[in-house]
Amino acid sequence: MQDIIYIKTLKRAEHTVFCVEKGQKTYYDPQFNKFIPYSSGQQVKRSMIEAICDAGNIPTSPTTFLFDVDKKKKINEGEVYGTCDPSDIDQLFGGWMKAIKGGGSRTIKRRSPLSISAMRGLHPLLAGVSKDSSSFDRSEKSNNKVIVRDDKGNELSSEEVRDVLAGKDRSLTRKWIPESNKATGYFVQEVAIDLRRLFSVKLDDFEPEVSEETITKLQENGWLESENVFGKCLVAPKSVRDQWIPLLASGLINWRITSNQARTFSLMETLAVSISHNANKVASSIRAKLTEDGKANPVVETELNGVSSFVTPSAEAYMYVNNVDVEALEKAEDELVKLMSAYAYEAKPELV
């Protein structure tokens, strides 16, 4: 029985920003002396979880935020945790950790069954950043409302504002946004699905994954007691697996970075997806190849033994490739559903 499914995805992004808060993140490649844009694994994970929930029209589970107020009535941030309940689809696939300050209750944590890489350039020569400046100009409108405040927060009158602007070349209705990095190029991302833990939660008295109350709730909802290589566990019933496997497959194939800015939106279209139980082969299936003149070309292997590769028509604009299919992503979803549905989740190790 093959326990892990590897997925490698090739996307193309154009003039976009993956991260909003601090601009486009980059890392330095010392061999090619370039800064390469990337999206962190945490950001990719969040986008995938959102895509999984969207596929089933399921709201994400609530998050609990704790705050502490000291004797001076100062509010300090405390712990943050989710429901820690695998009955919630985003918790089951995303994992959790709940550690309460003071040790009043036991720490519970579950590692996600999805190992998720950062999305980074396929090759240093095939991805990069450019600088871009922009402006916010509303000076042509006569109905703008302009408020100028003094150092105490009081609004100045029109006459006082004119006084402040006297002798200054300063517009109050035009804002210049300094240059920032924009990402363009071919990007790859990998996911490893650990089928042994995908639909199971471990029952361990010393390192618990769920609370006693949650265990009781799961048993009442039909979760089955079983055992895998990690020890005793509860396994989601087949009815839950049959409902959530297609949603998981859809999210893993159709995700995209959802936090890029509206003014730098990119479809980030998927060019190819490779699926295999062999990590080395799936890595080779989508790669770049250096030419004698120092250039790099993207390569997608469509006939690699032990790998199922799916190539979309968009790829034809950027590389020579065979077996392009307008239904490539739908077929990739079907392949994932088939592989995940075939796994013996309820079997004990000696029977696998």
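Cut-offs and rules
- Residues numbered from 1 in each chain as written.
- Predicted model: local features only at pLDDT ≥ 70, side-chain atom pairs only at ≥ 80, totals over all residues.
- Heavy atoms only, no water.
- Helix = DSSP H or I, 4+ residues; strand = E, 2+ residues; numbered from the N terminus.
- Buried < 20%, exposed > 50% of the residue type's maximum accessible area, 1.4 Å probe, protein only.
- Contact = heavy atoms within 4.5 Å.
- Areas by Shrake-Rupley, 256 points an atom, 1.4 Å probe, with all protein chains shown as cover.
- Pairing = 2+ DSSP bridges.
- Axes fitted to C-alpha atoms, helices over the stretch in contact; angles between N-to-C directions.
- Parallel < 35°, antiparallel > 145°, perpendicular 65-115°, else oblique.
- Left-handed = near helix turned anticlockwise from the far one by under 90°.
- Nonpolar A, V, L, I, M, F, W, Y, C, P; charged D, E, K, R; others polar.
- Expected span 1.5 Å × (residues − 1).
- Arc of directions from axis to C-beta.
- Patch = residues over 30% accessible without salt bridge, like charges linked within 9 Å, V, L, I, M, F, W, Y side chains within 5 Å.
- Salt bridge = Lys/Arg side-chain N within 4 Å of Asp/Glu carboxyl O.
- Phe/Tyr/Trp six-rings, centres within 6.5 Å; stacked < 30°, edge-to-face > 60°.
- Lys NZ or Arg CZ within 6 Å of the ring centre and 35° of its normal.

## Observations regarding the overall build of the protein chain
Looking only at helices and strands, the protein chain has eight helices and 18 strands in total. Taking all 352 residues of the protein chain together, the buried fraction comes to 41%. For the protein chain, the share of sequence-separated contacts (at least 6 apart) that also reach a separation of at least 24 residues comes to 71%. About 20300 Å² of surface is accessible on the protein chain, with carbon and sulfur atoms providing 48% of the total.

## Thoughts on the environment of Glu155
Relative to the assigned elements, Glu155 resides in the loop between strand E10 (127-137) and helix H3 (158-165). Accessibility expressed as a relative area gives 53% for Glu155, which makes it exposed.

## A few points about the sheet that holds strand E13 (residues 224-228)
Spatially, E12-E14-E13 is the arrangement adopted by the three strands of the open sheet, whose pairing is antiparallel. Across the chains shown, the open sheet's two edge strands, defined by having one partner strand only, are strand E12 (200-202) and E13. Each strand of the sheet is rotated relative to its neighbour by a mean of 40°, with strand direction disregarded. Sheet analysis places E13 next to strand E14 (residues 231-235), joined by five bridges and oriented antiparallel. Of the residues in E14, the one forming a bridge with Leu224 is Val235.

## Some thoughts on the packing of helix H1 (residues 41-55) against helix H6 (residues 238-254)
Two elements in contact, H1 and H6, have axes separated by 8 Å at closest approach and are oriented at 135°. On the basis of the axis angle, H1 is oblique to H6. By crossing handedness, the relation of H1 to H6 is classed as right-handed. Across the interface between the two elements, Met48, Ala51, Ile52 and Ala55 of H1 pack against Leu247, Leu248, Ser250, Gly251 and Leu252 of H6.

## Things to note about unusual backbone geometry
With a phi close to 55°, Asn33 is a non-glycine residue in the positive phi region. Structurally, the position occupied by Asn33 is in the loop between strand E2 (26-29) and strand E3 (34-39). According to the relative accessible area criterion, Asn33 is exposed, its value standing at 54%. A positive phi angle is found at Asn323, which is not glycine, with a value near 60°. Following the sequence through the fold, Asn323 ends up in the loop between strand E18 (307-311) and helix H8 (328-341). Residue classification places Asn323 among the partly exposed positions, given a relative accessible area of 48%.

## Comments concerning the packing of H6 against H8
Working note: a packed helix pair is described by the angle between its axes plus the distance between those axes. One way to put it is that H6 packs onto H8 with a least axis distance of 9 Å and a crossing angle of 135°. Between H6 and H8, the angle is such that the two are oblique. Two packed elements cross with a definite hand, and for H6 against H8 that hand is right-handed. Contacts between H6 and H8 involve Ile245, Pro246, Leu248, Ala249, Ser250, Leu252, Ile253 and Asn254 from the first element and Leu329, Ala332, Glu333, Leu336, Val337, Met340 and Ser341 from the second. Looking at the contact of H6 with H8 residue by residue, the class counts come to eleven nonpolar, three polar and one charged.

## Regarding H8
Residue pairs three or four apart in sequence face the same way in an α-helix, which turns once every 3.6 residues. An ideal rise of 1.5 Å per residue puts 20 Å on 14 residues; H8 measures up with 20 Å between its terminal C-alpha atoms. By the burial criterion, the buried members of H8 are Ala328, Ala332, Glu333, Glu335, Leu336, Leu339 and Met340. Axial view of H8: buried residues confined to an arc of 160°, hence all on one face. With respect to the buried face of H8, the exposed residues turned more than 90 degrees away are Asp334 and Lys338.

## Description of a nonpolar patch on the surface
On the surface, Phe65, Phe67, Val69, Ile75 and Val80 cluster together to form a nonpolar patch covering roughly 540 Å² of accessible area. Mapped by element, the contributors of at least two residues to the nonpolar patch are strand E4 (64-69) and strand E5 (75-81). The leading source of residues in the nonpolar patch is E4, at three residues.

## Points about the pattern of salt bridges
Pairing between side chains becomes possible if they bear opposite charge and their charged atoms approach one another. Applying the stated criterion across every chain, the model contains 14 salt bridges. For the salt bridge of Lys8 with Glu190, the shortest nitrogen-to-oxygen distance reads 3.8 Å. Residue Lys8 is located in strand E1 (residues 4-16), and its partner Glu190 is located in strand E11 (residues 174-194); the two are separated by 182 residues in the primary sequence. Pair check on accessibility: Lys8 and Glu190 agree, each one buried. Two residues, Glu14 and Arg12, come together in a salt bridge whose shortest N-O distance is 3.7 Å. Residue class for Glu14 comes out partly exposed when judged on its relative accessible area of 41%. When salt bridges with common partners are traced through the structure, they connect Lys8, Arg120 and Glu190 into a single cluster.

## Concerning the packing of aromatic side chains
Within a pair of aromatic rings, the relevant descriptors are the distance that separates the centres and the angle that separates the planes. All chains considered together, the criterion is met by seven aromatic pairs. On the basis of an interplanar angle of 65° and a centroid distance of 5.0 Å, the ring pair of Tyr343 and Tyr345 is categorised as edge-to-face. Owing to a relative accessible area of 9%, Tyr345 belongs among the buried residues under this scheme. An aromatic cluster of three or more residues is present, and its members are Phe93, Phe199, Trp244, Tyr343 and Tyr345. The ring of Trp255 carries the charged tip of Lys11 above its face, separated from the ring centre by 4.8 Å. Lying over the aromatic face of Tyr186, Arg12 brings its terminal NZ or CZ to 5.2 Å of the ring centre.

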